[in-house]
Amino acid sequence: MLDDLRALVEFAQAGSIAGAADRLYRTPSAITRQLQRLEAALGAELLDRSVKPPRLNSLGSRVLEQARDLLQRTEAMKSVASRDAEPHGLLRIGLAHALAEATLIKPIRALTEKYPKVRLRLLSALTGELFNRLLAGELDVAVVFLPEGKTAPSPLLTNIIASDRMEIVQSAAGNIDDDWESLSRAPWVLNPSGCLLRASLIDQMERAGFTPMVAAEIHYNIHLQLALIQSGYGVGLLPARFIARKNCRDTVEVLRPPSFDLRLSVAITRIGQLGALERAVELLEHGIRHLFEAADTTKPVTRSRRRVPANRREARPRK
């Protein structure tokens, strides 16, 4: 029917069957058949054929207005679906709590500056909730942590864009040894239950036969966690990139118990293709990837001073 509506619009614009045929590179008989087919589909005559050449009747004029509007909206829909079009419209982005930090402002600002017709709506939540919102059509993409080698549940699509390594740290003045038994007796500063990082740590400790003693559950506030660790309140789990970026090597000490290796994949997940917004998502992926590459998280964070053996450390007075 769209082709028939287009024939109607061109007929009105040209003022004749022959004129519409020239504009659409068709024969007059083909245009005549299209108009007759449109009238049959609508169950009403749109042309006044009592005059020569025929012209639109009053109903035809009203249908013409609707035809023009429908064709314009159809072109707009094609623009939305075409990845070749300039990115525009609303892009709804979910961020896993553990990734929602100030450094993400840079790639987000780069996206809006390059594509000013794109409007962003950001949501921070647990990874599982972000998956549910993607499946419900409430988000377009989500930036999440995933265990290495894992993907988002089907039918979600997963694009791994970076890797993040975690470190166990204590205050620089701390006296906790880097073995699982010592760490199981230490107070821990962790994210609340439901956090993938916390679950991965507990899994590694339990496989070694120990369980962490949680002294503080801080709701995804990495700066407060760092402050508590630096003060000696307890040990914690922080991203290597964060430790390096904050230049806190003189205030925290990295502990590496045997076989400890906690790495997570940073992924962009989605339900499907996004048409004209695809290039905006690609720019976001590039920006986030660059953040992690610049942090050089594959290199272990080491302290400049040698650790003092446990039997030579000053014992802390018991309270």
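Going by the structure above, here's the rest.
Residues numbered from 1 in each chain as written. Predicted model: local features only at pLDDT ≥ 70, side-chain atom pairs only at ≥ 80, totals over all residues. Heavy atoms only, no water.

Focus: the overall build of the protein chain
Phase 1 of the analysis: Within the protein chain one finds 11 helices and 11 strands.
Phase 2 of the analysis: Counting every position in the protein chain, which comprises 319 residues, the buried fraction comes to 44%.
Phase 3 of the analysis: Sequence separation of 24 or more characterises 74% of the internal contacts of the protein chain that already satisfy a separation of 6 or more.
Phase 4 of the analysis: Only carbon and sulfur atoms are counted for the fraction: they give 52% of the accessible area of the protein chain, which is about 17,100 Å². (Helix = DSSP H or I, 4+ residues; strand = E, 2+ residues; numbered from the N terminus. Buried < 20%, exposed > 50% of the residue type's maximum accessible area, 1.4 Å probe, protein only. Contact = heavy atoms within 4.5 Å. Areas by Shrake-Rupley, 256 points an atom, 1.4 Å probe, with all protein chains shown as cover.)

A short note on the pairing of strand E10 (residues 252–255)
Phase 1 of the analysis: Residues Val252 and Val254 of E10 are buried on one face, and the alternating residues Glu253 and Leu255, pointing to the opposite face, are buried as well.
Phase 2 of the analysis: Pairing geometry for strand E6 (residues 157–171) and E10, over four bridges, is antiparallel. Following the sheet pairing, serine 171 is matched in E10 by valine 252. (Pairing = 2+ DSSP bridges.)

Here's the deal with the pattern of salt bridges
Phase 1 of the analysis: Tallied over the full model, the rule gives 17 salt bridges.
Phase 2 of the analysis: A salt bridge links arginine 109 to glutamate 113; the shortest N-O distance between them is 3.3 Å. Note that arginine 109 and glutamate 113 are positioned in helix H5 (residues 105–114) at a spacing of four residues, about one turn of the helix.
Phase 3 of the analysis: For glutamate 217, the salt bridge identified is with arginine 198, shortest N-O distance 2.6 Å. Of the two residues, glutamate 217 is situated in strand E8 (residues 213–217) and arginine 198 in helix H8 (residues 196–207); the sequence distance between them amounts to 19 residues.
Phase 4 of the analysis: Where salt bridges share partners, they join Glu129, Arg133 and Glu138 into one cluster. (Salt bridge = Lys/Arg side-chain N within 4 Å of Asp/Glu carboxyl O.)

Concerning the nonpolar core
Phase 1 of the analysis: Among the nonpolar cores identified, the biggest contains 55 residues, and Leu91, Ile168, Leu201, Leu237, Val266 and Ile288 are the most heavily contacted of them.
Phase 2 of the analysis: Filtering out sequence-adjacent residues up to four positions away, leucine 91 remains in contact with Leu111, Val118, Arg119, Leu120, Arg121, Asp140, Leu274, Leu277, Ala280 and Val281.
Phase 3 of the analysis: Counting residues in hydrophobic clusters, the runner-up holds 19 residues, among them Leu5, Leu24, Leu46 and Leu56. (Core = buried A, V, L, I, M, F, W, Y, C linked by side-chain atoms within 4.5 Å.)

Things to note about the packing of helix H2 (residues 17–24) against helix H3 (residues 28–42)
Phase 1 of the analysis: As a packed pair, H2 and H3 sit with axes 8 Å apart at the nearest point and diverge in direction by 105 degrees. For the element pair H2 / H3, the angle class is roughly perpendicular. Across from Ile17, Ala18, Ala20, Ala21 and Leu24 in H2, the residues of H3 making contact are Pro28, Ile31, Thr32 and Leu35.
Phase 2 of the analysis: The class makeup of the residues in the contact of H2 with H3 is eight nonpolar, one polar and no charged. (Axes fitted to C-alpha atoms, helices over the stretch in contact; angles between N-to-C directions. Parallel < 35°, antiparallel > 145°, perpendicular 65-115°, else oblique. Nonpolar A, V, L, I, M, F, W, Y, C, P; charged D, E, K, R; others polar.)

Here's the deal with H8
Phase 1 of the analysis: Helix length check: H8 (12 residues) gives 17 Å between terminal C-alpha atoms against 16 Å at 1.5 Å per residue, within 8%.
Phase 2 of the analysis: Leu197, Arg198, Ser200, Leu201, Gln204 and Met205 are the residues of H8 that are buried. Each buried residue of H8 lies within a common arc of 165 degrees when the element is viewed along its axis, so the set occupies one face.
Phase 3 of the analysis: Contact partners of the buried residues in H8: E6, helix H7 (180–185), strand E7 (187–190), E8, strand E9 (235–239) and strand E11 (263–270).
Phase 4 of the analysis: At the C-terminal side of H8, glycine 209 shows a positive phi close to 95 degrees. (Expected span 1.5 Å × (residues − 1). Arc of directions from axis to C-beta.)

Looking at the packing of helix H1 (residues 2–14) against H2
Phase 1 of the analysis: One can describe the packing of H1 onto H2 by two numbers: an axis separation of 8 Å at closest approach and a directional angle of 120 degrees. Classed by the angle they form, the pair H1 and H2 counts as oblique. Helix-helix and strand crossings are classified by hand; for H1 and H2 the assignment is right-handed. Between H1, through Arg6, Ala7, Glu10, Phe11, Gln13 and Ala14, and H2, the contact on the second element is made entirely by Ile17, Gly19, Ala20, Arg23 and Leu24.
Phase 2 of the analysis: Partitioning the contact of H1 with H2 into residue classes produces six nonpolar, two polar and three charged. (Left-handed = near helix turned anticlockwise from the far one by under 90°.)

None of this, on its own, says anything about what the molecule does.
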